[in-house]
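Structural description and commentary
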Amino acid sequence: MARLVLKFGGTSVADIARIRNVARHVKREVDAGHQVAVVVSAMSGKTNELVAWCREASPMHDAREYDAVVASGEQVTAGLLAITLQNMGVNARSWQGWQIPLRTDGAHGAARIAEIDGSELVRRFGEGQVAVIAGFQGIAPDNRISTLGRGGSDTSAVAVAAALKADRCDIYTDVDGVYTTDPRIEPKARRMSRISFEEMLEMASLGAKVLQVRSVELAMVHKVRTFVRSSFEDPDAPGMGDLLNPPGTLICDEEEIVEQQLVTGIAYARDEAQISLRRVADRPGIAAAIFAPLAEAGVNVDMIVQNISESGSSTDMTFTVPVADLAKANAVIEKAKADMRYDAVQSEQGLAKVSVIGIGMRSHTGVAATAFTALASRGINIRAITTSEIKISILIDGEYTELAVRALHAAYGLDRAGAV
Ligand code: ADP
Ligand code: ASP
Ligand code: MG
């Protein structure tokens, strides 16, 4: 007997027929004698609809009420799956965040999990009950519903798995694992049987939305054995119930990966915006004067490029923010003009960041040059570059995103042999 946490994303629970299919996956594990907790997302498109309604009601809405609205999507799915399981003869019960309780901090809309009391769930396991948990939500110190940020059900699942000391956490989604890049953009992408926590963390934070970043962090810290796998396969096909080697991609320690690749994957993030402050005073403290107020306002600044000053007295400072933060950033810059001391501001939207990720970069040279050559040969202009030990990120015009991802994927030999 093992203890398993199974998470099903939005497309996997998009309608009642799919919820029935999900219930068959759950029943397979229950019939094998395992203790099972399930974490569900809202039905596909539901959260977007709820978010849009909040914006329509008021663009500057209260974050607590936003959480009250958007958390409802998961509540519906949890109830529907519990009903479906009961109908199949499985003893199941739905749980909202506050009922567990799953406690978070007070950052409504982007809360972090503080503590999960798994004792009641474990007691119910003893009675042979399956817990169907609404993902994405918890309860904040003010006793109100909180949500964990978009894609947060992945994090709910890994955190529940850690709290329950589960043997495995399966993230069921609409792809059958983690690929070398988004298979929707590059059909030649290859599925990986394993990927290290570090690389998955970079992939996720650089745009691969297959897992929420925080879920990978938690899996790494708590050593949760996490698999990404497909909910669309026949739940009773051979091997689906394999305890040690289920089909899919295992996120694991670097040491567990036998064949290290130089480059593991390519990620992309659209909707980047660029802001340039022209002729800022080139003096000590200027970067702090610019970026401290932005940080205080919660603007997520990513790439920063400061030009060499020609005159010795002024320089240009260029940086990127997600397009969703652009209006806020411009407001902060306008307000702090006296401290920031710039001549003019320019901003541009519709940019994208493409990134090359691989632990092998630590010990190899020339990795970046390959990327630059690949983009140059397609006529793609590079606007900014940032690097770390295991990644290179390049800012380009958004219209070239697909072309750039495919060019980089091919340049590092990641294309599936014989794929069309
Ligand atoms: P869910 O609703 O199940 O949470 P998501 O839409 O959040 O699913 O994540 C799954 C999607 O992530 C896939 O459909 C795929 O398009 C995208 N994706 C992006 N990069 C990758 C990658 N490297 N490997 C697999 N999927 C990826
Ligand atoms: N339903 C939430 C979202 O769409 C959480 C999730 O699906 O992980 O962001
Ligand atoms: Mg998701």
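These lines cover the structure that appears in this document, whether it is placed above or below. (Residues numbered from 1 in each chain as written. Chains lettered and ligands numbered in written order. Predicted model: local features only at pLDDT ≥ 70, side-chain atom pairs only at ≥ 80, totals over all residues. Heavy atoms only, no water.)

Bringing the site of ligand 1 into the picture now. In the neighbourhood of ligand 1, 17 residues make up the surrounding shell, with Thr173, Asp174, Tyr179, Asp182 and Arg184 lying closest. Thr173 places a polar side-chain atom, nitrogen or oxygen, 2.7 Å from an oxygen atom of ligand 1. Compared with its free state, where it exposes 580 Å², ligand 1 has 90% of that area covered by protein. Considered class by class, the residues forming the shell around ligand 1 number 7 nonpolar, 5 polar and 5 charged. (Near = heavy atom within 4 Å. Polar contact = N/O pair within 3.5 Å; in protein donor to acceptor, adjacent residues only side chain to side chain. Areas by Shrake-Rupley, 256 points an atom, 1.4 Å probe, with all protein chains shown as cover. Nonpolar A, V, L, I, M, F, W, Y, C, P; charged D, E, K, R; others polar.)

Where helix α1 (residues 16–31) contacts helix α4 (residues 72–87), the axes come no closer than 9 Å and their chain directions differ by 65°. Helix-helix and strand crossings are classified by hand; for α1 and α4 the assignment is right-handed. Only Thr77, Leu80, Leu81, Thr84 and Leu85 of α4 make contact with α1, whose side of the interface consists of Ile16, Ile19, Arg20, Val22, Ala23 and Val26. Grouping the constituent residues of the contact of α1 with α4 by class yields 8 nonpolar, 2 polar and 1 charged. (Axes fitted to C-alpha atoms, helices over the stretch in contact; angles between N-to-C directions. Helix = DSSP H or I, 4+ residues; strand = E, 2+ residues; numbered from the N terminus. Left-handed = near helix turned anticlockwise from the far one by under 90°. Contact = heavy atoms within 4.5 Å.)

Let us now look at the nonpolar core. In terms of nonpolar packing, the biggest core is built from 42 residues, with Val5, Ile133, Cys169, Met200 and Ile251 touching the most fellow members. Where this core is concerned, the elements lending two or more residues are β2 (35–40), β5 (113–116), α5 (119–126), β6 (130–134), α6 (153–163), β9 (168–173), α7 (197–205) and α8 (213–222). Setting aside chain neighbours within four positions, we find Met200 in contact with Val178, Ile195, Val210, Leu211, Val216 and Ile251. Counting residues in hydrophobic clusters, the runner-up holds 22 residues, among them Phe8, Val38, Ala78 and Val90. (Core = buried A, V, L, I, M, F, W, Y, C linked by side-chain atoms within 4.5 Å. Buried < 20%, exposed > 50% of the residue type's maximum accessible area, 1.4 Å probe, protein only.)

The subject of this paragraph is α8. Of all the positions in α8, only Ser215, Val216, Leu218 and Ala219 are classed as buried. The buried side chains of α8 occupy one side of the element, clustering within an arc of 160° when seen end-on. Buried residues belonging to α8 abut α6, α7 and β11 (226–230). Looking at the residues trailing α8, positive phi occurs at Lys223, about 50°. (Arc of directions from axis to C-beta.)

Taken together, 6 strands build an open sheet; the order of strands is β14-β15-β13-β16-β18-β17 and the sheet is antiparallel. For this open sheet the edge positions go to β14 (304–306) and β17 (384–388), each flanked by a neighbour on one side alone. Between one strand and the next, the sheet's axes are offset by a mean angle of 25°, whatever the strand orientation. Relative to strand β15 (residues 314–322), strand β13 (residues 265–281) is paired through 8 bridges, and the arrangement is antiparallel. (Pairing = 2+ DSSP bridges.)

By themselves these figures say nothing about function.
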